[in-house]
Amino acid sequence: MRPARAAPGSIQRSWAHALRQELFGSPADSLISVLLISTIIAAAFSLVRWALGQAQWAVIQANTTLFAVGRYPVQQQWRLWLLLVLVAALSGLSWGLLRAYPRADRSGQLWPFNDRLAVGLLGFLAAWLPAALALGFPLQWRWCGITALLVAMRWLAGHWGRSWPPGLVKLIPVIWPLLYLFGMVLIAGGLGLPRVSPSEWGGLLLTLLMASFAILLSFPIGVVVALGRRSQLPLLRWSSVLYIEFIRGAPLITLLFLGQNILGYMLPGGWAPDRVWRAAWVLTFFCGAYLAEAVRAGLSAVPPGQLEAARSLGLTMPQALQRVVLPQALRIALPAAVGQFISLLQDTTLLSLIGLLDLLGTARTVMANPEFLGKNAEVYLTLAVLFWCCCAALGLGSRALERRLDPTHSPA
Amino acid sequence: MSRSLERIPWWRDRRVLPWIVQGVVGLTLLLVIALLLGNLVRNLTAAGLLLSWRWLGQPASFDVAESLVPFDASMPYWRALLVGLVNSLRAILVGLVGATLLGTAMGMASFSGNGLLRRLARGYVEVIRNIPLLLQLLFWYFVVFLALPNGTAAFQLPGIVLSKSGLYLAWFSQGFSWQGPELVNEVWRAPLRLSVEFSALLTGLITYTGAFVAEVVRGGIASVPKGQWEAATSLGLHWSASMRSVVLPQALRVIVPGLNSQYISLAKNSSLAVAVGYVDLYSVSETTLNQTGRALEVFLLLLGSYLIIDLLISAVMNGVNQLVQIRER
C-alpha cells in the first residue's frame, strides 16, 4: 500500500510485521491480545490517575527522615552522611578501576553503554528524587554533591587508574571490609563517638544493616557447613545435616520467636545481646543454612578428580579446598547464593512482626499516626518500589558478576 | 627408609587425624550445647517455667475469630492450638491448589505464541519475586480487601459476592439445594463465607507462590527437547493439545521435585498470616505465650507442627514423583 513495501530490508516494516505476527497470528491470539491490551491500558490509566490525582504523597514527604534512619538522634546524623560520602567515593573508585582493568566480559571500553546509562540514571535520581520528596534545599544539594562525588571518582579512576601504583589497586578489596567496620563504629558509636543504642536505629538504615550483617557473616557459616555436610567424618556430617534441617524445617518467624523469647534463657546472665542483635544473629544463622545448601550444590558440581589431582600434587586438604575446589564451587554456587541474599533482604521485613522498626516496621508506625491514617496504598506502594529496585539491582549485579567470572568467556 | 615409613608423626597419620578432628569438634559442640541447655534449665527453673505440659488443659480464655472446630474461650489451650493448626492447614491446602493452578497457567503462558501474553507472564514473575511477601500480604489486606465496598455496592458475579465483610460463595445448603449469596437486611448471607483475612492471606500466598511455581513449570517445559514440540505439531496437534499430551507429561519429571520445595515454603510462609489477622497456628501460639509465658513448650509445638507438615508434603510429593517417572519397558 506504501512504496516502503518495495524495500524488504526496511527495519520498520519487519518490526511491524513481527509485531503483527506475534499479537494477531490467529483469531484466538487476536482476541487475547485485544483483551490484554485493553486491560493493561485501563489499569495503567487508573494507576496514573490515582498516583497523580487522588494519592496524597505527603505521608512520604513528611516522614523521609523516619523512613531513612528511624529515630536516629538528629545531632548524630552527620555520622551517617559521612558514611554515605565514604561509600559513594569508594563505590566510584571501585567502579572506575573495574573499567580501567578490563576483564573477560568487557571489550575494554572505558565507557560502555551500560555505564553511561547508569550515570544518566544516577544523575536523574539525584536531581529528581530529593525534589519529589520535598527535601529542603541544603539536603537536595547534599544528594547532588554525593552523586557528583561518585561519578567524579568513577571518572578519575577510569581514566587514570592504570597509571596508579598496583599496590593501591590491590588494596581496594581490603578497604571495603575496613569501611564496613568503620561504618559500624560510625553508626553504633565508640572510638570517642557517643553511643547510639540499636533501639534507636530504624528504617532503611536498620534494614540494610541487618541484611548486610547477615549476608556477610552467613557466608563463612554456609561454606563451613557445606564442607561439613560433604565430609567423610560422620560427626561433622551429621551435625551439619542436623543444623541445616533444623533451620530449613522451621518458618523464619518461629526462629525469630526463639531468638526473642528463649535465647535470653540460654545464655549466661548479661551475655544476651539486645533484641536487635538477637534478631541479626537469627537472620545470620537462618541464611547460613540455606547458603550451605547452595554451596553444597556447587561443591558437588566440581568433579572429584579436581580434589584428587590437587592432593596428588602435594597440596594439603585445606590448601586443595582453598585454591582448587572452592573457587570453582563458589562460582557455580553464585546465582543460587545471590538468590538467597535477595530473599534474605526481603525477609528482613519479618523484623516488623517482632516489634523492630525496620523499613516496614517504621512504615506501620507512620500509618498508625492519626495524621496519616488510611494512607496504606501510598506507603506500601513506595516500599514495594524500593524493595523491587534493590532486589532487581542485586539480580542484575549477580548476572554481571557471573559473566565476569565465567572462565569460558574469551577476553576480547 | 623403613624407619621413616614406620614413624609417621601422629598429626599426619590418616588413621589418627580423623579421630582428633572429630574429637575436637564433638567436644566443642558438646560444651556449647551443655552450656546452653544448662543455662536454659537453670533459668527456667528459677522462673518456674520448666518444661511441663499441664497448662495445655487450662482454659484458654481468649476467642478465635474463625474456626472449623467448635471453640469458645472456656475451652483449654490444646483446643485453641488445634483450632490454629486446622486454620493453618486450611490455608496451606487451598493455597497449594491455587498456586499450582496459577503457576502452571503462567508457566505455560511464557511459551505462548502470543508475544504480549508471554511478556506479561514474565513480567508477573519479575514483579512478584522481587517484593517481600509480607509487604504483599499487607497490601492485599489493607489496600485491596479492606477498601472493598459493602452491602449492595459489593462486587457481584453469579454465585460469588466480594465485599468488605468477606467473600461469599454459592454452595450446597441444608439438604442438597444449591444456594447462592443473598442480601438480608443489608448483610450478605451465603452457605460459604471466607473472611477478608483468609481471602487476603490466600490471595497473597497464591500470587506469590504462583510466581515461583511458574518458574519451576517454565524450567520443566524448557527441559523438553524442541523436537518433541515439532513432532507434535507436524502430527497436526494444536498448541494446547501438544502441550497437554506431549510436552507436559515429559516436563512433569523435572517439575515435580521443584514443586516440592515451593510447596514447603508455602507451608512455612503461611505463618505470616499473623500480619493480616488470620488466626493460624503461629498467631494462636503467640497469644498463648503472652498469656502463659510458656516460651519453650510453645516453640517446641510450633517446630514439631511445621516439621510434620513439611514431612507430609514431602511424602506426598515423593509419591507423585514416582507416578510421573517414565516407566521403561
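Residues numbered from 1 in each chain as written. Chains lettered and ligands numbered in written order. Predicted model: local features only at pLDDT ≥ 70, side-chain atom pairs only at ≥ 80, totals over all residues.

Participant: I'm lost on the nonpolar core in this one. Help?
Facilitator: In summary, soluble globular proteins display a tendency toward joint burial of nonpolar side chains. All names here are of chain B. With 129 residues, the main nonpolar core has Leu137, Leu138 and Leu201 as its most contacted residues. Broken down by element, this core gets its largest block of residues, 15 residues, from helix 6 (residues 196–222). Val161, Leu167, Trp188 and Ala190 belong to the second largest nonpolar core, which has six residues in total. (Core = buried A, V, L, I, M, F, W, Y, C linked by C-beta atoms within 7 Å. Buried ≥ 20, exposed ≤ 12 C-beta atoms within 10 Å, placed from the backbone. Helix = DSSP H or I, 4+ residues; strand = E, 2+ residues; numbered from the N terminus.)

Participant: Explanation requested: the domain arrangement of chain A in the structure shown.
Facilitator: Interface size, as often reported, equals the accessible area lost upon joining of the parts. For chain A, the assigned domains read domain 1 (38–70 + 199–304 + 340–412) and domain 2 (73–195). For domain 1 of chain A and domain 2 of chain A, the distance between their C-alpha centres works out to 23 Å. (Domains from an automatic or database assignment.)

Participant: Would you mind going over the interface of chain A and chain B with me for this structure?
Facilitator: Across the boundary between the two partners, chain A contributes 39 residues, which contact 41 residues of chain B. Those elements that place two or more of their residues in the side of chain A that touches chain B are helix 1 (11–23), helix 2 (27–54), helix 10 (234–249), helix 11 (252–261), helix 12 (263–266) and helix 17 (376–405) of chain A. Considering every element that reaches the side of chain A that touches chain B, the biggest residue donor is helix 17 of chain A, with nine residues. (Contact = placed C-beta atoms within 7 Å.)

Participant: Help me understand the confidence of the model for chain A, please; the structure alone is not making it clear to me.
Facilitator: As a general rule, the predicted coordinates of low-pLDDT regions are not to be interpreted in detail. On average, residues of chain A score 85 in pLDDT, and 94% of them are at 70 or above. With pLDDT under 50 throughout, residues 1–10 of chain A is counted as low confidence; its partners more than four residues away or in other chains account for two contacts. (pLDDT = per-residue confidence, 0-100.)

Participant: What exactly am I supposed to notice about the packing of helix 3 (residues 77–109) of chain B against helix 8 (residues 239–269) of chain B here?
Facilitator: Two measures define how a pair of helices packs: the angle their axes make with one another and the distance between the axes. All names here are of chain B. Interaxial distance between helix 3 and helix 8 falls to 11 Å at its minimum, and their mutual angle equals 135 degrees. When the axes of helix 3 and helix 8 are compared, the pair comes out oblique. For the pair helix 3 and helix 8, the crossing hand works out as right-handed. Touching Ile92, Gly95, Leu96, Ala99 and Met108 of helix 3 are Met243, Tyr263, Leu266 and Ala267, all from helix 8. Here the contact of helix 3 with helix 8 is built from residues that sort into eight nonpolar, one polar and no charged. (Axes fitted to C-alpha atoms, helices over the stretch in contact; angles between N-to-C directions. Parallel < 35°, antiparallel > 145°, perpendicular 65-115°, else oblique. Left-handed = near helix turned anticlockwise from the far one by under 90°. Nonpolar A, V, L, I, M, F, W, Y, C, P; charged D, E, K, R; others polar.)

Participant: How should I be thinking about the domain arrangement of chain B in this particular structure?
Facilitator: Along its sequence, chain B is organised into domain 1 (2–47) and domain 2 (77–148 + 196–324). Taking the mean C-alpha position of each, domain 1 of chain B and domain 2 of chain B sit 43 Å from one another.

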